[in-house]
Amino acid sequence: MGIGDLPPPSATPSQPRNRSKRSWTWEHFTKISGNRENPQARCHHCGSLCGCHSKKQGTAVLIAHLGSCQRYKMSKGEAINDQTKLSYEASTATNGTQIKKMVIPQYSEKLVRDMLAEMIIKDEMPFTTVDKRGFRKFVKTIEPRFTLPSRYTVMRNCMKKHAKKKAEMKKMFTTTN
């Protein structure tokens, strides 16, 4: 069959090809048929409509929606971490009764690192404590936002605390003479 032997193009208007959806996002969305200019897809989890034009948005909008869809996160078993956490602060009144006050705890990575170094120093623990699986699991349970430093970083933090305390004591002894 030569080049000139090609069959003539059909006179019927071309229909879009029925392509298979390749992205993993289509497991969570159903494309709504009808509007070819501005196609949309409905989320299986919350029912929201998202644009899914193959040239304009692609699946980026669908992926972004899944990243913020609370029902999708719950279906995956992920904890919803964007809620404010509350805790109680106990204090004693002048008459001796316990008073509990609700507070929003403030997270400070510097404070947690300082407290870790202080614990290692006071309890005379080895620096390798932070490498232990049980200790890592314990810290993740208490404060999931905290990334445990390596044993070398903990050692440096302890040495800094030691140097600071040494300088304070040196100053105190020189001023008492």
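Parameters and conventions
Residues numbered from 1 in each chain as written. Predicted model: local features only at pLDDT ≥ 70, side-chain atom pairs only at ≥ 80, totals over all residues. Heavy atoms only, no water. Patch = residues over 30% accessible without salt bridge, like charges linked within 9 Å, V, L, I, M, F, W, Y side chains within 5 Å. Areas by Shrake-Rupley, 256 points an atom, 1.4 Å probe, with all protein chains shown as cover. Salt bridge = Lys/Arg side-chain N within 4 Å of Asp/Glu carboxyl O. Helix = DSSP H or I, 4+ residues; strand = E, 2+ residues; numbered from the N terminus. Buried < 20%, exposed > 50% of the residue type's maximum accessible area, 1.4 Å probe, protein only. Pairing = 2+ DSSP bridges. Axes fitted to C-alpha atoms, helices over the stretch in contact; angles between N-to-C directions. Contact = heavy atoms within 4.5 Å. Parallel < 35°, antiparallel > 145°, perpendicular 65-115°, else oblique. Nonpolar A, V, L, I, M, F, W, Y, C, P; charged D, E, K, R; others polar.

### Observations concerning a nonpolar patch on the surface
Argument step 1. The grouping of Leu86, Tyr88, Met102 and Ile104 at the surface amounts to a nonpolar patch, some 460 Å² of accessible area in total.
Argument step 2. Tracing the backbone through its elements, the reader meets Leu86 in the loop between α2 (70-76) and β4 (87-92).
Argument step 3. Judged by relative accessible area, which is 53%, Leu86 ranks as exposed.

### Description of the pattern of salt bridges
Argument step 1. Applying the stated criterion across every chain, the model contains eight salt bridges.
Argument step 2. We note a salt bridge from Arg151 to Asp131, for which the minimum N-O separation is 2.7 Å. Of this pair, Arg151 sits in helix α5 (residues 151-176) while Asp131 sits in the loop between α3 (109-122) and α4 (133-142), and the two are 20 residues apart along the sequence.
Argument step 3. As a salt-bridge pair, Lys165 and Glu168 come within 3.9 Å of each other at their nearest N and O atoms. Note that Lys165 and Glu168 are positioned in helix α5 at a spacing of three residues, about one turn of the helix.
Argument step 4. The exposure class assigned to Lys165 is exposed, which follows from its relative accessible area of 51%.
Argument step 5. Exposure remark for Glu168: the relative accessible area of 43% places this residue in the partly exposed category.

### Describing the sheet that holds strand β3 (residues 49-51)
Argument step 1. Spatial ordering of the open sheet is given by β1-β2-β3, a layout of three strands whose pairing is antiparallel. Only two strands of the sheet have a single neighbouring strand rather than two, namely β1 (29-32) and β3. Each strand of the sheet is rotated relative to its neighbour by a mean of 35°, with strand direction disregarded.
Argument step 2. Note: β1 against strand β2 (residues 40-43), four bridges, orientation antiparallel. Counted as the bridge partner of Ile32 is Gln40 from β2.
Argument step 3. Against the sheet, helix α1 (residues 60-68) engages β1, β2 and β3, with an angle of about 145° to β3.

### Quick word on unusual backbone geometry
Argument step 1. Here Glu124, not a glycine, exhibits a phi torsion of approximately 50°, which is positive.
Argument step 2. Within the element layout of this structure, Glu124 appears in the loop between α3 and α4.
Argument step 3. Look at Glu124 and you get exposed, because its relative accessible area is 73%.

### Some thoughts on the pairing of β2
Argument step 1. The alternating pattern of β2 places Ala41 and Cys43 on a buried face, while none of Gln40 and Arg42, on the opposite face, is buried.
Argument step 2. Judged from the three bridges that link them, β2 and β3 form a sheet pairing that is antiparallel. The residue of β3 that forms the bridge with Arg42 is Leu49.
Argument step 3. Here β2 hands over to β3 after five residues, with Gly47 in that stretch at a positive phi of 85°.

### What to know about the side chain of Thr25
Argument step 1. Checked against the element boundaries, Thr25 lands in the segment before β1.
Argument step 2. Residues in contact with Thr25, not counting those within four places in the same chain, are Thr59, Leu62, Ile63 and Leu66.

### Here we look at the packing of α3 against α5
When two helices pack together, you describe them by how their axes are tilted relative to each other and by the distance separating the axes.
Argument step 1. Between α3 and α5, whose axes approach to 9 Å, the crossing angle comes to 80°. Comparing their axes, α5 and α3 come out roughly perpendicular. Residues Arg113, Asp114, Leu116, Ala117, Glu118, Ile120 and Ile121 of α3 form the contact with α5, whose own contacting residues are Thr153, Val154, Asn157, Cys158 and Lys161.
Argument step 2. Classifying every residue of the contact of α3 with α5 gives six nonpolar, two polar and four charged.

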